[in-house]
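Fold and contact review
In case you want the letters, here they are:
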Amino acid sequence: MMYNNQQLNELAEFYKNQLLNDTVPFWFPRSYDFENGGYLLMRDADGSLIDTDKAVWIQGRACWLLATLYNTVEPKQEWLEGAKIGYEFIKNKCFDTNGKMYFHVDQEGMPIRMRRYFFSETFAVIACAAYAQASGDQEAADLARRLFGVCLEYANGERAIAPKFENTRPSKGIGIPMIMMNTAQQLRETIGDPRCDEAIEKYIIEIETYFVKDDIRCVMEQVALDGSIIDHIDGRTLNPGHAIEGAWFILHEAIYRNNDPKLIDLGCRMLDYMWERGWDKEHGGILYFRDVYDRPVQEYWQDMKFWWPQNETIIATLLAFLITKDEKYAVMHQQIHDYAYAHFHDKEHGEWFGYLHRDGRIAQTAKGNMFKGPFHLPRQEWYCMSILEKYTK
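In what follows, the accompanying structure is described. (Residues numbered from 1 in each chain as written. Predicted model: local features only at pLDDT ≥ 70, side-chain atom pairs only at ≥ 80, totals over all residues. Heavy atoms only, no water.)

Okay, the sheet that holds strand β13 (residues 355-356) next. Taken in spatial order, the three strands line up as β12-β13-β14 in an open sheet, and their pairing is antiparallel. The open sheet is flanked by β12 (305-306) and β14 (362-364), the only strands paired with a single partner. Pairing geometry for β13 and β14, over two bridges, is antiparallel. Directly across from Leu356, in β14, lies its bridge partner Ile362. (Pairing = 2+ DSSP bridges. Helix = DSSP H or I, 4+ residues; strand = E, 2+ residues; numbered from the N terminus.)

What follows is about the state of the cysteines. By the definition in use, this model includes zero disulfides. Looking at Cys196, it has no disulfide partner, and the nearest cysteine sulfur is the one in Cys151, 12 Å off. There is no disulfide at Cys384, and the cysteine sulfur nearest it, in Cys268, is 15 Å away. (Disulfide = S-S within 2.5 Å.)

This part is about the packing of helix α5 (residues 138-155) against helix α7 (residues 196-211). Relative to each other, α5 and α7 sit at 30 degrees, their axes nearing to 13 Å. The angle between α5 and α7 places the two elements in the roughly parallel class. Note on packing geometry: the crossing formed by α5 with α7 is left-handed. Residues Phe148, Leu152 and Ala155 of α5 form the contact with α7, whose own contacting residues are Cys196, Ala199 and Tyr203. (Axes fitted to C-alpha atoms, helices over the stretch in contact; angles between N-to-C directions. Parallel < 35°, antiparallel > 145°, perpendicular 65-115°, else oblique. Left-handed = near helix turned anticlockwise from the far one by under 90°. Contact = heavy atoms within 4.5 Å.)

Right, let's get into α7. Side chains of residues three or four places apart in an α-helix project in the same direction, reflecting 3.6 residues per turn. In this model α7 runs 22 Å from its N-terminal to its C-terminal C-alpha over 16 residues, within 8% of the 22 Å that 1.5 Å per residue would give. Among the residues of α7, Cys196, Ala199, Ile200, Tyr203, Ile204, Glu206, Ile207 and Phe211 are the ones counted as buried. One side of α7 holds all its buried residues, which, seen down the axis, span an arc of 160 degrees. (Expected span 1.5 Å × (residues − 1). Buried < 20%, exposed > 50% of the residue type's maximum accessible area, 1.4 Å probe, protein only. Arc of directions from axis to C-beta.)

Attention shifts here to the pattern of salt bridges. Any two side chains of opposite charge can pair, so long as their charged atoms come close to each other. Evaluation of the coordinates by the stated rule reveals 27 salt bridges. Asp231 is the salt-bridge partner of Arg295, the closest N and O atoms lying 3.0 Å from each other. In this pair, Arg295 sits in the loop between β11 (290-291) and β12 while Asp231 sits in the loop between β9 (222-224) and α8 (233-236), placing the two residues 64 residues apart along the sequence. Owing to a relative accessible area of 38%, Arg295 belongs among the partly exposed residues under this scheme. Judged by its relative accessible area of 41%, Asp231 is partly exposed. Here Glu282 makes a salt bridge to Arg358, at a shortest N to O gap of 3.7 Å. With Glu282 in the loop between α10 (261-278) and β11 and Arg358 in the loop between β13 and β14, the pair connects residues that are 76 residues apart, well separated along the chain. One salt-bridge network, in which partners are shared between bridges, spans Arg188, Asp197, Glu201, Glu253 and Arg257. (Salt bridge = Lys/Arg side-chain N within 4 Å of Asp/Glu carboxyl O.)

Below, the structure written as structure tokens:
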């Protein structure tokens, strides 16, 4: 099958309607914490609050969403004021005295946990940058660029995240180059920074050089420092949805570079390889973990369906089709779109359930927790709506 222009326009309208009339209203305005700042995002299926703690990286994600809606969809005052609530909370409550950001704080912003990685910082970059674009706040722009510099230092090993531990089996993961690439893309597309293009190119080269294995049609989640496969459980574990997310970041960059054929080829290879490994041929949907050699996976949730890999695959397959016009990507997109909206979407209360058993049964009802919030789903609907509008003009 091939999507014709009418079908693409219908898809654009579907994603827009889901975003603005289903997904965003589930979260806002009920999640604004006017008393303490930030957002109360840990919610059950009906939107009731199940915990008042705040995951810092999801505070940044929610702030980014609201500012991005203001910047690109409609300049609604509520979205701008909502983004400011998140920005002020991040700026004033989410940094330790040493400059490192917390991972987990309570409702008032008192610290509970700090993690060794720096993803709170990367999402703060895109939040502050989007808010700066929306508001014209120079302090927010300065903070976004300063934090981006800090993230570059962490990523390059120039700034220590934690006391050094002499690991006898050192490795590198795809997560850092992926997230840093997209952080740079977001910063470039909002307020700009002269370091972005060089950083993006560096991270794309790192992903292709070390993680993409054409000989076995695979994208590794982690590898040894020389790029070889670490033949132990952790080293063999694949995360198809994560690699597919990286694929669409690269396809997005291909569009930015006037449909760069090398990047289109790289992004499509990554998508193809991980669709082959991740798509559940029996029940549909993207499985959470696989072993590179099809051996048993250690984590007990390995065959569950989490919400976000479906979101990233919806974007990647649609983007691949729009760029290449290859019929197989239209087929893949329709498969993942139909599966995800049939199984994850809550038609009664809106938004998506986060966690399904392999056969599609709901594993638990929470829609917001320390890891799920208003990001992967609304980003998917916003991005698909936006890219379809661009390609169907």
